[in-house]
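Structural overview for review
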Amino acid sequence: LPRYVTGAFAETECDFVDSESFPVEPECGWLTRPLHGSRGPDVELPVLVFRATDPSPEPDPVIYLHGGPSGGILGDLDYFFDDIIAPYLDRRDVVVFDQRGTGLAEPDLRCDSPYQWFNAHDEDPVTYVARTAGVCAFDLFADGIDLEQFSRQRSADDVRVLATELGYDEFNLHGSSWGGLLAYTVMQLHPNRVRAALLDSPLSISTDL
């Protein structure tokens with residue numbers, strides 16, 4: 001079957017983060033990715049673009065891929081700014097976003113029922129992880145969410161679409177932990193778009209999560 005890799009970026013007000021907490025004011029927006037063949041809602045990813053301070057910057061930005069896969073990065077970005085954004089800003093734009101299924105991205109995949117988790121603490125981890133994950137997956141399915149749409153391959157396509165929508169022909173990747181594994185996948189699926197990649201404590205592609 002053909003792989004549909006499409007989407008659209010819309011610039012918006014920075015009302016989903018405290019943009020004034022950053023030393024540099026970002027441009028904000030949302031990347032919308034349609035779920036082809038799925039009855040669920042479209043994926044919407046919150047995006048921040050920090051423009052390079054050099055008046056003649058390099059054309060290829062740095063796209064940061066956060067760890068996880070669980071929480072996003074935008075909610076704590078002021079804490080990480082000096083480490084993952086500031087070092088690049090003198091020459092390149094830096095793009096940061098919450099990956100699908102994490103942070104502020106929609107749909108929200110978090111299942112935080114107190115009944116599920118408080119009753120799991122006395123169980124063997126092998127038992128409670130499988131049980132609570134199964135309950136969560138059932139609840140999400142009942143809400144019309146197809147979990148097959150939340151793979152690292154789909155997330156890698158998100159990176160390509162985001163770069164295209166922002167007008168970048170090539171880009172650099174900085175991936176931390178799980179983000180390193182995602183960077184591997186971007187390079188596998190879209191090698192002609194990646195200029196360089198920095199893999200910071202990456203998970204192995206053979207890791208069974």
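Data block above holds the structure.
Quick caveat: nothing in here was measured; it's all calculated off a predicted structure. (Residues numbered from 1 in each chain as written. Predicted model: local features only at pLDDT ≥ 70, side-chain atom pairs only at ≥ 80, totals over all residues. Heavy atoms only, no water.)

So, on to the packing of helix α4 (residues 152-165) against helix α5 (residues 178-189). Two elements in contact, α4 and α5, have axes whose closest approach is 9 Å; the angle formed by their N-to-C orientations is 70°. One element, α4, and the other, α5, form an angle in the roughly perpendicular class. Contact residues: α4 offers Arg152, Gln153, Ser155, Ala156, Asp157 and Val159, while α5 offers Trp178, Leu181, Leu182, Thr185, Val186, Gln188 and Leu189. Here the residues of the contact of α4 with α5 sort into seven nonpolar, four polar and two charged. (Axes fitted to C-alpha atoms, helices over the stretch in contact; angles between N-to-C directions. Helix = DSSP H or I, 4+ residues; strand = E, 2+ residues; numbered from the N terminus. Parallel < 35°, antiparallel > 145°, perpendicular 65-115°, else oblique. Contact = heavy atoms within 4.5 Å. Nonpolar A, V, L, I, M, F, W, Y, C, P; charged D, E, K, R; others polar.)

Helix length check: α4 (14 residues) gives 20 Å between terminal C-alpha atoms against 20 Å at 1.5 Å per residue, within 8%. Of the residues making up α4, those classed as buried are Ser155, Ala156, Asp157, Asp158, Val159, Val161, Leu162 and Ala163. In the stretch just after α4, Gly167 is the one whose phi turns positive, near 90°. (Expected span 1.5 Å × (residues − 1). Buried < 20%, exposed > 50% of the residue type's maximum accessible area, 1.4 Å probe, protein only.)

So, about the pattern of salt bridges. Throughout the structure, instances matching the rule amount to eight salt bridges. One salt bridge in this structure joins Glu27 and Arg51, with 3.0 Å as the shortest N-O distance. Taken together, the residues span a long stretch of sequence, with Glu27 in strand β2 (residues 27-33) and Arg51 in the loop between β3 (43-50) and β4 (62-65) at a distance of 24 residues. We classify Glu27 as partly exposed; its relative accessible area is 29%. For Arg100, the salt bridge goes to Asp158, with nearest N and O atoms at 2.7 Å. Within this pair, whereas Arg100 is found in the loop between β5 (94-97) and α2 (114-118), its partner Asp158 is found in helix α4, the two being separated by 58 residues in sequence. For the pair Arg100 and Asp158, a shared accessibility class is recorded, and that class is buried. (Salt bridge = Lys/Arg side-chain N within 4 Å of Asp/Glu carboxyl O.)

Let us now look at the sheet that holds β2. Read from one edge of the open sheet, seven strands run β1-β2-β3-β5-β4-β6-β7, paired in mixed fashion. Each having just a single partner strand, β1 (8-12) and β7 (194-200) make up the two edges of the open sheet. Here the average twist between neighbouring strands, direction ignored, is 25°. In this structure, β4 lies alongside strand β6 (residues 171-176), joined through four bridges in parallel fashion. By the bridge assignment, Tyr64 is partnered in β6 with His174. Contacts between α4 and the sheet are confined to β1, β2, β3, β4, β5 and β6, with β2 contributing the most and set at about 130° to the helix. Sheet contacts for α5: β4, β6 and β7; angle to β6, the most-contacted strand, approximately 145°. (Pairing = 2+ DSSP bridges.)

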